[in-house]
Amino acid sequence: MKMKNKYYLIIVAILGVIAFFAGAYLQSQSSNPITKEIVASAEKIFGLSFSNAKRDSMLSGLTEQLKSYESLRQISLPNEIPPAIGFNPIPVGFQFEKKKKSFKLGKLGRVELPNDENELAFYSVAQLAKLIKSKKISSEDLTKLYINRLKKYSPKLECVITLTESLAVEQARRADREIMLGKYRGHLHGIPYGAKDLLATKGIKTTWGSVPYKNQIIDQDATVIRKLEEAGAVLVAKLTMGELAWGDVWFDGKTRNPWNTVEGSSGSSAGAASATSAGLVAFAIGTETWGSIISPSTVCGVSGLRPTYGRVSRNGAMALSWSMDKIGPICRTAEDCAIVFNSIYGPDGIDQSVFDYPFSYDANVKLSDLKIGYLKVEFDSIKENKNIYNQTLETLRSLGANLVPMSLPKYPVNELSFILSAEAGAAFDELTRNGQDDLLVRQIKDAWPNVFRLSRFIPAVEYIQANRHRFVLIQEMEKIFEEVDCYIAPPFEGDNLLLTNLTGHPCVVTPNGFSKSGMPTSITFIGKLFDEGTILTVAKQYQDATDYHHKHPKIK
């Protein structure tokens, strides 16, 4: 009897273990099963309504889709891997310029060293280039001037993440040796600059302004960094950016506006605009997805170029929105932007979104030969500083510009903004899934952590439909550019800023005055696809007739 009881207990124990694992297996297979009730609740988020029978039919398919998602999530996707679908900004029937016509800068005249070396820090790239080429100053001396200013003022402005002093001195000395030997590379040779800290630099941290990446080192130079090095430019600093390219708040503070250090410098190219404005670099490289060159350039009183989508390689740059990200220069003058752009545009054989089309620039084009539009409703809608914008129109007319009132396509542009959210959510999906989004500095509703989570609820069908609407917008914008060579607009009125970022059109922003409180204001020039030359010329001639770009902040 005791022996039977012993076997009985063993059998019961074995059956218990089997039952336990069988139950666990069944539970794992049916854990949080997708039900008709769940589908019905989800429908409300997407603005749809199906019958119970249709919901029942979807259950097995939804379960299979979920398994596919979970399987694919096991494969890590680094930020630099783009989707296999690409954005095409080119309208039907669009004709390209196939040959580079010219690259003609304006006459500069005699350039001399100032009595106060700190005034030298605010010279244009063109002026500095003339001094370096004529050997009136060495690249090393100029570089050390900027490095000293960076050390002095960047703690107050919070505009630098990494000072690249040793690299800069090495590059400057190399530039001086080459110039002494007669090997002058061009206008950027020996010119110190700063780069937004989403551009990879080999052996130097590239933090993306974000806590999870604050010690990240990417083992490559971004294509833009490499092209600038080939042009002989000198990298003196990696500049701050709003965390993961939003705003002016990063992991170690808030980047300040040199005109009023109580205020931020806007973003996300916060450090690039602030440092350029304050004379800490001769120029900087920024990026824009939706206003990140235009906005900080405006509030910091500098000039910026957002090139056509597909003009500058984004290889080695943090991806936020593959169909909207653009890289461009932030400088003192529009012509400086032309000089820098001339060195960084064009394909690299890596970024497949880049088009191989020439860039032509002629500073002497007559404005009377151009048909320039202006957004009448947007100008009329201005509430503050209206006199400044009226004067801008009058100045252009005095230069011979034929200004034509015009309007943008009537389309629900803001409703398409979730295209950016969807792509940003994909770019940083692992942050959301592993909970590292909690590490980001800003945790309010209107910040990346919440936007990334919300993006998970954007249906793929709606994302594709939105891009079909985007196609329509591109065709409508081409009709506008059949009537004008370019147009001007206040930077933040109406839908222009988002619309042209969605369609990929180039834009130049330049200072056009100061508000009653003494803060800079700006005007934007929007051009045809791949025609940066025209808007840079118009902006340059406007600047020649004004002096706002010559003014600079007095930092205490």
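Read on for an overview of the structure. These numbers come from a predicted model, not from an experiment.

**A word on the overall build of the chain**
Logical step 1: Across its full length, the chain carries 19 helices and 17 strands.
Logical step 2: Its C-alpha atoms put the chain at 115 × 50 × 45 Å along the principal axes.
Logical step 3: In the chain, which comprises 556 residues, the proportion classed as buried is 53%.
Logical step 4: For the chain, the accessible surface area stands at approximately 25900 Å², while carbon and sulfur atoms represent 54% of it.
Logical step 5: The average position of the 65 basic charges and that of the 59 acidic charges among the side chains of the chain differ by 2 Å.

**A short note on the sheet that holds strand S3 (residues 192-196)**
Logical step 1: Ordered by their spatial adjacency, 11 strands build an open sheet running S2-S4-S3-S9-S11-S10-S16-S17-S15-S13-S14, and the pairing between neighbours is mixed. For this open sheet the edge positions go to strand S2 (160-163) and strand S14 (402-406), each flanked by a neighbour on one side alone. The mean angle between the axes of side-by-side strands here comes to 30°, regardless of whether they run parallel or antiparallel.
Logical step 2: For S2 and strand S4 (residues 234-239), the ladder comprises three bridges, and the chain directions are antiparallel. Counted as the bridge partner of Thr-162 is Lys-238 from S4.

**Quick look at helix H17 (residues 460-480)**
Logical step 1: Counted at 1.5 Å a residue, the expected span for H17 with its 21 residues is 30 Å, and the 31 Å between its end C-alpha atoms agrees.
Logical step 2: Every buried residue of H17 is listed here: Tyr-463, Ala-466, Arg-470, Leu-473, Ile-474, Gln-475, Met-477, Glu-478 and Ile-480.
Logical step 3: Packing partners of the buried residues in H17 comprise S14, helix H14 (418-427), strand S15 (486-489) and helix H18 (496-503).

**Observations regarding the pattern of salt bridges**
Logical step 1: Going through the model one piece at a time under the given rule, you end up with 26 salt bridges.
Logical step 2: Salt-bridge contacts for Glu-158 lead to Arg-256; the nearest nitrogen and oxygen are separated by 3.5 Å. In this pair, Glu-158 sits in the loop between helix H6 (139-157) and S2 while Arg-256 sits in strand S7 (residues 256-257), placing the two residues 98 residues apart along the sequence.
Logical step 3: For Glu-158, a relative accessible area of 22% puts it in the partly exposed group.
Logical step 4: Salt bridges sharing partners connect three or more residues here, namely Arg-110, Glu-112 and Lys-136.

**Observations regarding the packing of aromatic side chains**
Logical step 1: One pass over the structure, following the stated rule, counts 27 aromatic pairs.
Logical step 2: An aromatic cluster of at least three residues, connected via ring pairs, comprises Trp-208, Tyr-213, Trp-246, Phe-428, Trp-448 and Phe-452.
Logical step 3: The positively charged end of Arg-397 is found above the aromatic ring belonging to Tyr-374, 5.9 Å away from the centroid.
Logical step 4: The ring of Phe-87 carries Arg-470 above its face, with NZ or CZ at 3.7 Å from the centroid.

**Digging into a nonpolar patch on the surface**
Logical step 1: Taken together, the side chains of Ile-45, Phe-46, Leu-48, Phe-50 and Phe-457 present a nonpolar region at the surface, about 450 Å² in accessible area.
Logical step 2: With a relative accessible area of 45%, Phe-457 lands in the partly exposed category.

**Examining the packing of H17 against H18**
Logical step 1: In the contact formed by H17 and H18, the axes pass within 9 Å of each other and the chain directions differ by 100°. With respect to H18, the axis of H17 lies roughly perpendicular. Across the interface between the two elements, Arg-470, Leu-473, Ile-474 and Met-477 of H17 pack against Leu-499, Thr-500, Asn-501, Leu-502 and Thr-503 of H18.
Logical step 2: In terms of residue class, the contact of H17 with H18 is made up of five nonpolar, three polar and one charged.

**Notes on the pairing of S15**
Logical step 1: Neither face of S15 is exposed, since Cys-486 and Ile-488 on one face and Tyr-487 and Ala-489 on the opposite face are all buried.
Logical step 2: Examined bridge by bridge, strand S13 (residues 371-375) and S15 share three bridges and lie parallel to one another. Paired with Ile-372 across the strands is Cys-486, a residue of S15.
Logical step 3: As judged from the four bridges shared by S15 and strand S17 (residues 520-527), these two strands associate in the antiparallel manner. The residue of S17 that forms the bridge with Ala-489 is Thr-524.

So, how was this worked out
- Per chain, residue numbering runs from 1 following the sequence as it is written.
- Predicted model: local features are reported for residues with pLDDT of at least 70 only, side-chain atom pairs are reported and counted for 80 or more only, and whole-chain, interface and lining totals are derived from all residues.
- Neither water nor hydrogens contribute to the side-chain values; these are computed over all heavy atoms in the structure.
- Strands here mean DSSP runs of E at least two residues long; helices mean DSSP runs of H or I at least four residues long; both are numbered from the N terminus.
- Accessible area is worked out with a 1.4 Å probe on protein chains only. A residue is then buried under 20% of its type maximum, exposed over 50%, and partly exposed in between.
- Each accessible area is a Shrake-Rupley estimate made with a 1.4 Å probe; only the visible protein chains count as cover when residues are assessed.
- Counting rule applied: Lys, Arg positive; Asp, Glu negative; His and chain ends not counted.
- By convention, the point assigned to a charge is CZ for Arg, NZ for Lys, CD for Glu and CG for Asp.
- At least two bridges found by DSSP between two strands are what make those strands a pair.
- Interaxial angle, 0 to 180 degrees, is taken between N-to-C directions of lines fitted to C-alpha atoms, where a helix line uses only the stretch in contact.
- Residue count minus one, scaled by 1.5 Å, sets the expected span of a helix.
- Contacts between residues were defined by any pair of non-hydrogen atoms, one from each residue, lying within 4.5 Å.
- Whenever a carboxyl oxygen of Asp or Glu lies within 4 Å of a side-chain nitrogen of Lys or Arg, that contact is scored as a salt bridge.
- Classification of ring pairs uses Phe, Tyr and Trp, with its six-membered ring standing for Trp, and accepts pairs whose centres are within 6.5 Å; under 30 degrees between planes counts as stacked, over 60 as edge-to-face, and the remaining range as tilted.
- Two conditions define a charge located above a ring, namely a distance within 6 Å from the ring centre to NZ of Lys or CZ of Arg, and an angle within 35 degrees of the ring normal.
- Patches here are clusters of residues that have more than 30% relative accessible area and form no salt bridge, with a 9 Å joining cutoff for like charges and a 5 Å cutoff for nonpolar side chains (Val, Leu, Ile, Met, Phe, Trp, Tyr).
- Reported orientations rely on four angle classes, namely roughly parallel under 35 degrees, roughly antiparallel over 145, roughly perpendicular from 65 to 115, and oblique for the rest.
- Classification used: nonpolar for Ala, Val, Leu, Ile, Met, Phe, Trp, Tyr, Cys and Pro, charged for Asp, Glu, Lys and Arg, polar for all others including Gly.

It is worth stressing that arrangement in space is one thing and function is another; only the former is reported here.
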